[in-house]
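Each chain, written out:
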Amino acid sequence: MFDKILIANRGEIALRVLRACKELGIATVAVHSTADADAMHVKLADESVCIGPPQSKDSYLNIPSLLAACEITGVDAVHPGYGFLSENARFAEILAEHNLHFIGPKAEHIRLMGDKIEAKRTARRLGIPVVPGSDGAIDDEDQAIAVGREIGFPVLVKAAAGGGGRGMKVARTEADLKLALSTARSEAKSAFGDASVYLEKYLEKPRHIEIQVLGDGKGGAVHLGERDCSLQRRHQKVWEEGPSPALNVAGRDRIGETVAKAMREMKYLGVGTVEFLWEDGEFYFIEMNTRIQVEHPVTEMITGIDLVLEQIRVAAGGDLPVVQKDIAISGHAIECRINAENPVTFRPSPGRIQHFHPPGGLGVRVDSAVYQGYVIPPYYDSLLGKLIVHGKTRAECLMRLRRALDEFVVDGIETTLPLFRALVREPAIIDGDYHIHWLEQYLAAGDIKA
Ligand code: ADP
């Protein structure tokens, strides 16, 4: 096992990793920008190192600074969290060149899944169902039209290097395709420095259902059920739950086993998520994330397995904690991503938190790195914290979530709590009857009051 881990991240995930390290008896090193000197992860770590000015590119993404921090503190491994360098294959290789462990998958798998065209090819080869679309990159309009005719309109133009929902354009007709192609290409070029795009059938009302996996890198892998992340705004997840209200046990076992088998074949190492769109009972692979995800607590609550702790164990060469047949899905969990934003305009609301009173009680978990008096800096994403609630049934979970949301007090800044208080009372949400466009349509109707 590792003796000392450097956590190359900030906010709630840095704290989450720190907690797993403490339970494993591993010493921790926090890194921070000058804007984060007062952050909770810095206060709770055994040691901390300032790695640069506020802008992420000069601090949390600054590889030479991170290497220097590793060297000064003598760590043997680095946990990248999510975002920042967590899916940077080159970073994983550079760490290896310096005899440091990267707590994540093998660099070749990060690279493979980071290219969405290659990821889809790999998925297809491993027997995972994919969205119908172009075989590879689309170079010109004629080729795009030919593919569009073959798979049928509407189609979606997507960036090969995509992430965060950027570089995606819908074309409803052949006439739309020209503009969709050129805007997607230029957006992809400016966001990712790579203009390659590909074409996919655009699904009208799918759900987003993803499978959590854990592999030992030696050919052992299990799946830990699914999360339904259909409630999204601008392709960003807002509310995640598990199990999906749309799946039954047989459906879960079938897709879960297909994915786990593929991971065994790849000799996948660490945690990962295979994302699908689901429509009319069919799964369609869209991408794989080779890191711990924001919504991982949903799975932890329904399986009782600490994903971050197991991620560290397998990175150190350990075995899987369980075999597939011993993994049981128990009850229901829902996560709300609470942001420091105006709940109507979604404009970020940085500033000082005057009062902070998180909810508690049975089945209530808050993963957050803020505290009373903390000043949210304007430089990073606006995630204030995650409220995760567990219940024996979905109905109990919703009841508890309603109560927990009503108890949550955050004063001094605006938050998206009012949005969740409204959502948890919506008939479609209570019935579990929603798809990936539901939230945008609901927001457009404008019923939320700040
Ligand atoms: P990113 O890496 O940018 O997050 P994804 O491929 O994961 O991109 O897609 C993000 C979201 O975009 C999905 O959860 C879904 O809401 C929407 N989406 C992606 N592909 C399709 C598709 N073929 N049809 C309809 N919606 C899609």
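(A) Region of interest: the overall build of the chain. When helices and strands are tallied, the chain shows 15 helices and 20 strands. For a compact globule of 450 residues, the expected C-alpha radius of gyration is about 22 Å, and the chain comes in at 21 Å, within 12% of that figure. By its C-alpha atoms, the chain is 60 × 50 × 45 Å across when sized along the principal axes. Considering only residue pairs separated by 6 or more positions, the chain has 66% of its internal contacts joining residues 24 or more positions apart. Summed over all atoms, the accessible surface of the chain reaches about 17,900 Å², with 50% contributed by carbon and sulfur. A gap of 1 Å separates the mean positions of the 52 positive and 62 negative side-chain charges of the chain.

(B) Here's a closer look at the pattern of salt bridges. Scanning the model with the defined rule gives 38 salt bridges in all. Across the pair Arg-10 and Asp-36 runs a salt bridge whose closest N-O atoms are separated by 2.6 Å. Of the two residues, Arg-10 sits in the loop between strand 1 (4-7) and helix 1 (11-24) while Asp-36 sits in the loop between strand 2 (27-33) and helix 2 (40-44), which places them 26 residues apart along the sequence. Residue Asp-36 is classed as buried on the basis of its relative accessible area of 2%. The shortest N-O distance in the salt bridge between Glu-310 and Arg-313 comes to 3.2 Å. Of the two residues, Glu-310 and Arg-313 are both situated in helix 11 (residues 307-315); the distance of three residues between them amounts to about one turn of the helix.

(C) Layout of the site of the ligand. Every one of the 21 residues lining the ligand counts as a neighbour, but Gly-165, Lys-201, His-208, Gln-232 and Glu-287 are closest to it. Gly-163 places a polar main-chain atom, nitrogen or oxygen, 3.4 Å from an oxygen atom of the ligand. A distance of 3.0 Å separates a nitrogen atom of the ligand from a polar atom in the side chain of Glu-200. When isolated, the ligand has an accessible area of 550 Å², and the protein chains bury 95% of it.

(D) Examining the pairing of strand 13 (residues 282-289) more closely. In terms of residue burial, strand 13 counts as a mostly covered element, since seven of its eight residues are buried. As defined by bridge partners, strand 12 (residues 269-279) adjoins strand 13 across seven bridges and the pair is classed as antiparallel. Counterpart to Leu-277 in the pairing with strand 13 is Tyr-284. Connecting strand 12 to the antiparallel partner strand 13 that follows it, the hairpin turn spans two residues, and Asp-280 within it adopts a positive phi of roughly 50 degrees.

(E) Structural view of the domain arrangement of the chain. Parsing the chain into structural domains produces domain 1 (4-103), domain 2 (132-201) and domain 3 (207-444). Placing the centre of domain 2 and that of domain 3 at their C-alpha centroids yields a distance of 29 Å. Each side of the interface is counted separately: domain 2 has six residues, and domain 3 has four residues. With both sides pooled, the region where domain 2 packs onto domain 3 buries about 360 Å², and carbon together with sulfur makes up 52% of that total. Summed over the shared surface of domain 2 and domain 3, the result is zero salt bridges. Applying the counting criterion to the domain 2 and domain 3 interface returns zero residue pairs in polar contact (both at pLDDT 80 or more). Its residues placed into classes, the side of domain 2 that touches domain 3 shows two nonpolar, two polar and two charged.

(F) Representation of the sheet that holds strand 2 within the structure. Here we have five strands laid out as an open sheet, ordered 3-2-1-4-5, and parallel in their pairing. On the outer flanks of this sheet lie strand 3 (47-52) and strand 5 (101-102), each paired with one strand and no other. Direction of pairing for strand 2 relative to strand 3: parallel, over a ladder of five bridges. Across the sheet, residue Ala-30 finds its bridge partner in strand 3, namely Ser-48. In the packing of helix 3 (residues 63-73) onto the sheet, contacts are made with strand 1, strand 2, strand 3 and strand 4 (77-79), and the angle to strand 3 comes to roughly 155 degrees.

(G) View of the side chain of Thr-303. With respect to the helices, strands and loops of the structure, Thr-303 is situated in helix 10 (residues 296-303). The exposure class assigned to Thr-303 is buried, which follows from its relative accessible area of 17%. Looking at Thr-303, its side chain comes within polar contact range of the main-chain oxygen of Thr-299, at 2.7 Å. Discounting residues that sit within four places of it in the chain, Thr-303 has contacts with Leu-224, Ile-327, Ala-328 and Ile-329.

(H) Geometry of helix 3. Along helix 3, the residues classified as buried are Ile-63, Leu-66, Leu-67, Ala-69, Cys-70 and Thr-73. All buried residues of helix 3 fall inside an arc of 160 degrees around its axis, so they share one side. What points out from helix 3, more than 90 degrees from its buried face, is the exposed set Pro-64, Glu-71 and Ile-72. Along its buried surface, helix 3 packs onto strand 1, strand 2, strand 3, strand 4 and helix 4 (89-97).

(I) Highlighting unusual backbone geometry. Cis geometry is adopted by the peptide bond preceding Pro-154, which originates at Phe-153 and carries an omega value of -5 degrees. You can see Pro-154 is positioned in the loop between helix 7 (141-151) and strand 6 (155-159). A cis geometry characterises the amide bond from Gly-242 onward to Pro-243, with omega recorded as -5 degrees. Relative to the assigned elements, Pro-243 resides in the loop between strand 11 (236-242) and helix 9 (249-266). The phi angle at Phe-84 is positive, at roughly 35 degrees, despite the residue not being glycine.

About the cut-offs
- Residues numbered from 1 in each chain as written.
- Predicted model: local features only at pLDDT ≥ 70, side-chain atom pairs only at ≥ 80, totals over all residues.
- Heavy atoms only, no water.
- Helix = DSSP H or I, 4+ residues; strand = E, 2+ residues; numbered from the N terminus.
- Rg over C-alpha atoms; globule rule 2.2 N^0.38 Å.
- Contact = heavy atoms within 4.5 Å.
- Areas by Shrake-Rupley, 256 points an atom, 1.4 Å probe, with all protein chains shown as cover.
- Lys, Arg positive; Asp, Glu negative; His and termini not counted.
- Charge placed at Lys NZ, Arg CZ, Asp CG, Glu CD.
- Salt bridge = Lys/Arg side-chain N within 4 Å of Asp/Glu carboxyl O.
- Buried < 20%, exposed > 50% of the residue type's maximum accessible area, 1.4 Å probe, protein only.
- Near = heavy atom within 4 Å.
- Polar contact = N/O pair within 3.5 Å; in protein donor to acceptor, adjacent residues only side chain to side chain.
- Pairing = 2+ DSSP bridges.
- Domains from an automatic or database assignment.
- Buried area = accessible area lost by both parts, 1.4 Å probe.
- Nonpolar A, V, L, I, M, F, W, Y, C, P; charged D, E, K, R; others polar.
- Axes fitted to C-alpha atoms, helices over the stretch in contact; angles between N-to-C directions.
- Arc of directions from axis to C-beta.

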